[in-house]
Amino acid sequence: MALRPVHVIVKALDSSAVGRFWAEALGWTAYSPGLATYVGPAGGLVWPHPVALGIDVVPVPDPKPTTKNRVHLDLATTSAAHRTELVERLRTLGATPVDVGQGDVPWTVLADPEGNEFCVLEPREVYRDTGPIAAVVVDCADPRATARFWGEAMDWTLHEVADDHATFRRADGVGPYLEFLRTPDAKTVPDRVHLDLLPYPGDDKEAEVTRLRALGATDLDVGQGDVPWTCLTDPEGHEFCVLAPH
């Protein structure tokens, strides 16, 4: 048994506007099958997508806290000119530069219209075939311990692990990476951005949730009520949801 990440949840006051921003930013399409706005590759809504990790923008009543998100997206670029063009286009779409203490780095840190931070990376060979999202990046205190949990929780392959980072990618080598970076900041507020995981067809969701609890996951009540998914946190408190297979 194993789970697969299927999309990134982004909470927003105006889910339609934030969804449109991310669709334009990634060159994808915003779909509105319900209250949320799903952003995925053009050509019609396909979920779960066989290659991409989509973005599901869900409406919430509260604005983003002023603290930096502990989960963010890194966007890939193919050349210096592409990075410059992308940053300029994103700012035209409503992105703003932000200082998260990055100092003098070759990438650009921006925030979407509701303040969710993300990075536009300089060209890197490792991300040449990821699509527009190079990586989903998660701040953590102990990448090795966090990698042990997530390596058991999901079916992605661990590419690299060290004291300061851990990197996963799908076993077939497509789509973005999932990266855990060691940071000194502790989690103090609910996550504004998180992953949703999905069992494979025929697998038992409740059995998967039980397995995750045995690995160190904890049940989470965010006021979700009676819903078909289960909200949990990993051993460091990062929120995620296990969806019901369909």
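Residues numbered from 1 in each chain as written. Predicted model: local features only at pLDDT ≥ 70, side-chain atom pairs only at ≥ 80, totals over all residues. Heavy atoms only, no water.

A. Broad picture of empty space enclosed by the protein. Scanning the model with the defined rule gives two cavities of 30 Å³ or more in all. The calculated volume of the largest cavity comes to roughly 80 Å³. What lines the largest cavity is Val71, Val138, Trp150, Leu178, Phe180, Asp191, Val193, His194, Leu195, His238, Glu239 and Phe240. Mapped onto the lining of the largest cavity, the elements with two or more residues apiece are β12 (177-182), β13 (193-199) and β16 (239-242). The greatest single-element share of the lining of the largest cavity, amounting to three residues, is contributed by β13. Among the elements that make up the lining of the second largest cavity, the one with the highest residue count is strand β5 (residues 71-75) (three residues). (1 Å grid on protein atoms, 1.4 Å probe; cavity = no way out; pocket = protein on both sides within 12 Å on 5 of 7 lines; lining within 4 Å. Points joined across faces, edges and corners; volume = space filled by probe spheres on them. Helix = DSSP H or I, 4+ residues; strand = E, 2+ residues; numbered from the N terminus.)

B. Representation of the nonpolar core. Membership of the largest hydrophobic core comes to 49 residues, with the highest contact counts inside it found for Trp22, Leu90 and Phe118. With six residues, helix α1 (residues 15-26) is the single largest residue contributor to this core. Ignoring any residue separated from it by four or fewer positions in sequence, one finds leucine 90 in contact with Phe21, Ala25, Leu75, Ala95, Leu110, Phe118 and Val120. Counting residues in hydrophobic clusters, the runner-up holds nine residues, among them Ala76, Val109, Cys119 and Leu121. (Core = buried A, V, L, I, M, F, W, Y, C linked by side-chain atoms within 4.5 Å. Buried < 20%, exposed > 50% of the residue type's maximum accessible area, 1.4 Å probe, protein only. Contact = heavy atoms within 4.5 Å.)

C. Representation of the packing of α1 against helix α2 (residues 80-93) within the structure. The interhelical angle for the contact between α1 and α2, taken along N-to-C directions, is 160°, at an axis separation of 10 Å. The pairing of α1 with α2 is recorded here as roughly antiparallel in orientation. Between α1 and α2 lies a crossing whose hand is right-handed. Only Leu86, Arg89, Leu90 and Leu93 of α2 make contact with α1, whose side of the interface consists of Phe21, Glu24 and Ala25. (Axes fitted to C-alpha atoms, helices over the stretch in contact; angles between N-to-C directions. Parallel < 35°, antiparallel > 145°, perpendicular 65-115°, else oblique. Left-handed = near helix turned anticlockwise from the far one by under 90°.)

D. Looking closely at the environment of glutamate 206. Tracing the chain through its elements places glutamate 206 in helix α4 (residues 205-215). For glutamate 206, a relative accessible area of 43% corresponds to the partly exposed category. Distance from glutamate 206 to threonine 230, taken between C-alpha atoms, is 8.8 Å for residues 24 residues apart in sequence.

E. Up close: the packing of helix α3 (residues 143-153) against α4. Between α3 and α4, the shortest axis-to-axis distance is 10 Å and the interhelical angle comes to 160°. Looking at the two axes, α3 sits roughly antiparallel to α4. Along this stretch, α3 crosses α4, giving a crossing that reads as right-handed. Contact residues: α3 offers Phe149, Glu152 and Ala153, while α4 offers Arg211, Leu212 and Leu215.

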